[in-house]
Each structure stands twice: as C-alpha cells, then as structure tokens.
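Residue strings, one per chain:
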Amino acid sequence: MSLMPVDEALNKLLAGVEPTDCEEVLLAAANGRFLAAPLASTRTQPPFAASAMDGYAIRHGDLETGESSLTVIGEAPAGHGFTGTVGEGQAVRIFTGAPLPEGTDTILIQENAEREGDKIGVLEKPSCGAFVRPAGLDFTKDDVLLEPPLRLSYRHLALAAAMNHALLPVRRRPKVAILATGDELVPPGTEPGPDQIIASNHAGIAALVEDCGGEALDLGISRDDPVELASHVRRALVGQADILVTLGGASVGDHDLVQEVLGREGMDLAFWRIAMRPGKPLMAGRLGRTKVLGLPGNPVSSLVCGLLFLKPLIAAMLGQPRDGTGPSIATLAAPLPQNDRRQDYVRATLSLDVDGRPLVTPFSRQDSSMLNLLAKSGALIIRPPHAPALDAGAEVPVLVL
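First things first, this report covers the structure right here in the doc. What you see is a predicted model, and the numbers here were worked out from it, not measured in a lab.

1. Describing the overall build of the protein chain
Next, step 1: The helix and strand inventory of the protein chain stands at eight helices and 26 strands.
Next, step 2: What you see for the protein chain is a C-alpha radius of gyration of 31 Å, clearly larger than the 21 Å of a compact globule of 401 residues, by over 25%.
Next, step 3: If one aligns the C-alpha atoms of the protein chain with their principal axes, the spans along those axes are about 95 × 55 × 40 Å.
Next, step 4: Within the span of the protein chain, comprising 401 residues, buried residues form 43% of the whole.
Next, step 5: A separation threshold of at least 6 residues defines the contact pool for the protein chain, and within that pool the share at least 24 residues apart is 71%.
Next, step 6: Just so you have it, the protein chain exposes about 19,500 Å², and 51% of that area is on carbon and sulfur atoms.
Next, step 7: In the protein chain, the 35 positive side-chain charges and the 48 negative ones have mean positions that sit 6 Å from each other.

As structure tokens, then:
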C-alpha cells in the first residue's frame, strides 16, 4: 500500500465533519467554550449619560457667562442619581458612574474645584461635555457584539455580562474517548514489570483534547487481546464518543490488533499509513457516527499526529474554520540533510536572532521515542518530501509549539 500525503489524509479526515450541537451554559461555566450563535446586547451601555470622574455636575453655560461660583444643591453617588433639576448657577456633587443630573452637561473634576460650604469656585475651566460618558458610548441595545466561531475568554465573558446575558449558546464539547493498547503498558504511578514501560501517550493526548476544547474520556489500557479491545471500543460507542482515539496497535506486527478489531466492529477505513515522519502508521475511519483516529504507539509520533490531525478534527467539530494562515517562517541555525519521500517534522528549539527574527536549531537526534526532546522543542521544522539539503541561514517553514 502506498503512503498517503499528509494534506490528502487531513482532507479525507475532515471531509463531511459537522459541528456539534448548540447548548446553553451558565456565564460562569463558559470560559474557553466556543460560541455557537451571534450574541446581541439586551441593553444600552451606559444606559444614561454618566460621570467619568468624581467632581461636580455643572451647566457649561454658567461658565461662559463668567459665573465665579456655583451653589451645590445636592449629591449624586453611583447608584443613586440626583432626582431634581439643576438650574442656573447651581451644581451637584457627583461621583464616578452616577447619572448626569437633568440640566447639566459637564463635569468639573474635584481637583479643579475649590469648595467652601455650599459654594464652589472654578480653578480650571473644563470644556463643554468634559468627563461625561454619553448613553450608548460602549454599545446600544440589539448590537451584535459577539459572533461565532469565537472561543470565549475573560474579555468576551466580561462583555457578555455587561450585555446582561446569564446564559450563553456554545458548541457541545466533542467527546474524545482515548484507548491505549499494549501488553507492555502500565499506568503512571505503578511499578512496571521487567518487560513493561509506563504509558505516557494518553496523558499528552488527553491534555491536547482539553486544550482544543474537547472532553477527554480515558478508556484506560487494553491488553493485546481481541475480546478486551472490542469491549473497550464498545464502551466508547455506548458513551456516545464523537471521536475514538486509539494509541498503538495499528501497525503491521502480529500483536497489532487494533485495525482488525475495529474492522470486525464495523469500522469503515478511510486511510492507513501516511507519508510523514514521525507517524507513518496513522489510521482513520468511522464507526457509525464516531470518527476513529488510530495514532502510532511511539510517544512523539502519537503527539505529533495528534497535533496535526486530532487538533483540526476537534476544531472542525467546534465549527472552527480551517487554518489558512500556513506555517510560520524561521531561519535555520544548523544545517539539515536532504529529506526522503516522507514529510518530516523535525523537533527544534526556537529562539530569536540579534534582529529579533525566529531562529530554529534542530536536535541532532530525532528518534520517535524521545519525549524529552519534544518537551524541550519550541517548534517543528516542516521538511517536504525530497526537500534538498539546507545550510544554516536558510529559511524554513515551522509549526510553532
């Protein structure tokens, strides 16, 4: 079987993917969620002309007639507006956020006023309308201020609260069931046998799922046993997983049973084996409504494939558009050899040169079992198939981590 190019595989994976349903969540629970419908304001903000500073609400016309002092007739703290009307030669003590009293149009800030009893003198004449926030300065009722596809952050939630929304329409988080496979694996925190290793892929993939806005469902570790594997797969389907991610077991060895078991359970295979490094044994398909993504067992291969395939799959389910910006560009700090027929993702550190431009230094070793190097990497250098050898100083496309 020939190896499928990365772009072709990604297009196949995302073909026909529909966004998840809309659901309403409390404002306090919406941080990091993806907006599913336009959000219009239910009110005008501010709802009235308000003072932007502590001081005195005055009639600017009094200053134009040469009035030397004004009589203070009341007070307007925030939340308690002055109910009367301010006439000629009069003023109201006012505080930030309070409504501008009827008859006034300007704020004389307290630093520029001199008060004795109920009289104030003007030390510095303000311009007409100074320190007044007009009604609707921020937004008006029915203004659409937040629109999908938007990931809600603290800024958006503050705005939604000001718009008087207690519930927000968001995309349901895609459920991603994660199943590690292999007799050699034991969970972190346990003592492995003499021929076993600690399972690490599921921790990284689960974190990636959560970072992308999905909901990770850990199915644990299955032994290399067809019956046990099938049982775990059915658990994912019963749990209505949108995506089933398998880790390992999809290659060509005698104990790589995942593809065989999924086939017996009814999986429609979309593709298998990609022209990329690390991650050649990537597999994708569909089990009913559930997308299946079989990631390689080698830790770096698993995480890189998760970044390149699982992340955009979750994004599509959240209604996010395909990222059309392309990779970033950086300068090589060390030479790279000629590449073979597979698209290579080379782990590298990321820094800035003396001119502040991105500089990437590839690690000399790129074994797909070496998580330590991936953790230290700031970028992956993208090497297209059959890319020529490059000297230090060449510009290369990079995926910033």
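2. Considerations on the pairing of strand S13 (residues 175-181)
The side chains of a regular strand alternate between the sheet's two faces.
Next, step 1: S13 sits mainly inside the fold: six of its seven residues count as buried.
Next, step 2: Pairing geometry for S13 and strand S16 (residues 215-222), over six bridges, is parallel. Paired with Ala180 across the two strands is Ile221, which belongs to S16.
Next, step 3: Where S13 lies against strand S17 (residues 243-247), five bridges are found, and the strand directions are parallel.

3. Some words on the sheet that holds strand S6 (residues 90-94)
Next, step 1: The sheet built from six strands is open, its strands ordered S7-S4-S6-S5-S9-S8 with mixed pairing. Edge positions in the sheet fall to strand S7 (106-109) and strand S8 (113-116), since each of these pairs with one other strand and no more. Here the strands of the sheet are splayed against their neighbours by 40 degrees on average, with no regard to which way each runs.
Next, step 2: Note: strand S4 (residues 55-58) against S7, four bridges, orientation antiparallel. Within S7, the position partnered with Ala57 by the bridge is Ile107.

4. A few points about the layout of surface pockets
Next, step 1: One number sums up the size of the largest pocket: a volume of about 1,200 Å³.
Next, step 2: Lining the largest pocket we find 33 residues, and of these Leu10, Leu307, Pro312, Asp323 and Leu399 sit closest to its centre.
Next, step 3: Those elements that place two or more of their residues in the lining of the largest pocket are helix H1 (6-14), helix H4 (201-211), helix H7 (299-317), strand S23 (343-352) and strand S26 (395-400).
Next, step 4: Among the elements that make up the lining of the largest pocket, the one with the highest residue count is H7 (seven residues).
Next, step 5: Grouping the amino acids of the lining of the largest pocket by side-chain chemistry returns 21 nonpolar, six polar and six charged.

5. Here we look at the packing of H4 against H7
Next, step 1: Interaxial distance between H4 and H7 falls to 10 Å at its minimum, and their mutual angle equals 20 degrees. With respect to H7, the axis of H4 lies roughly parallel. The chirality of how H4 crosses H7 is right-handed. In this structure, H4 uses Asn201, Gly204, Ile205, Leu208 and Val209 to contact H7, whose residues at the interface are Pro299, Ser302, Leu303, Gly306, Leu307, Leu310 and Ile314.
Next, step 2: Residues that form the contact of H4 with H7 fall into these classes: eight nonpolar, four polar and no charged.

6. Describing helix H5 (residues 226-238)
Next, step 1: For H5, spanning 13 residues, the distance from its first C-alpha to its last is 18 Å, which sits close to the expected 18 Å at 1.5 Å a residue.
Next, step 2: Next to the buried residues of H5 lie S13, S16, S17, helix H6 (258-264) and strand S20 (283-287).
Next, step 3: The N-cap of H5, judged by a side-chain oxygen 3.2 Å from the amide nitrogen of Val227 a few residues on, is Asp225.
Next, step 4: Looking one or two residues beyond H5, the residue adopting positive phi is Gln240, at roughly 55 degrees.

7. Notes on the pairing of S26
Next, step 1: Bridge analysis of strand S22 (residues 328-332) against S26 gives four bridges, and the strand direction is antiparallel. Bridge assignment links Thr331 to a residue of S26, and that residue is Glu395.
Next, step 2: The pairing of strand S25 (residues 379-383) with S26 spans three bridges and is classified as antiparallel. Across the sheet, Leu380 pairs through a bridge with Leu399, a residue of S26.

8. Thoughts on the packing of aromatic side chains
Next, step 1: Scanning all chains against the criterion turns up zero aromatic pairs.
Next, step 2: Positioned above the aromatic ring of Tyr56 is the side chain of Arg93, whose terminal nitrogen or guanidinium carbon lies 5.2 Å from the ring centre.
Next, step 3: Taking NZ or CZ as reference, Arg273 lies 5.6 Å from the ring centre of Trp272, over its face.

The rules behind the values
- Residues numbered from 1 in each chain as written.
- Predicted model: local features only at pLDDT ≥ 70, side-chain atom pairs only at ≥ 80, totals over all residues.
- Heavy atoms only, no water.
- Helix = DSSP H or I, 4+ residues; strand = E, 2+ residues; numbered from the N terminus.
- Rg over C-alpha atoms; globule rule 2.2 N^0.38 Å.
- Buried < 20%, exposed > 50% of the residue type's maximum accessible area, 1.4 Å probe, protein only.
- Contact = heavy atoms within 4.5 Å.
- Areas by Shrake-Rupley, 256 points an atom, 1.4 Å probe, with all protein chains shown as cover.
- Lys, Arg positive; Asp, Glu negative; His and termini not counted.
- Charge placed at Lys NZ, Arg CZ, Asp CG, Glu CD.
- Pairing = 2+ DSSP bridges.
- Axes fitted to C-alpha atoms, helices over the stretch in contact; angles between N-to-C directions.
- 1 Å grid on protein atoms, 1.4 Å probe; cavity = no way out; pocket = protein on both sides within 12 Å on 5 of 7 lines; lining within 4 Å.
- Points joined across faces, edges and corners; volume = space filled by probe spheres on them.
- Nonpolar A, V, L, I, M, F, W, Y, C, P; charged D, E, K, R; others polar.
- Parallel < 35°, antiparallel > 145°, perpendicular 65-115°, else oblique.
- Left-handed = near helix turned anticlockwise from the far one by under 90°.
- Expected span 1.5 Å × (residues − 1).
- Polar contact = N/O pair within 3.5 Å; in protein donor to acceptor, adjacent residues only side chain to side chain.
- Phe/Tyr/Trp six-rings, centres within 6.5 Å; stacked < 30°, edge-to-face > 60°.
- Lys NZ or Arg CZ within 6 Å of the ring centre and 35° of its normal.

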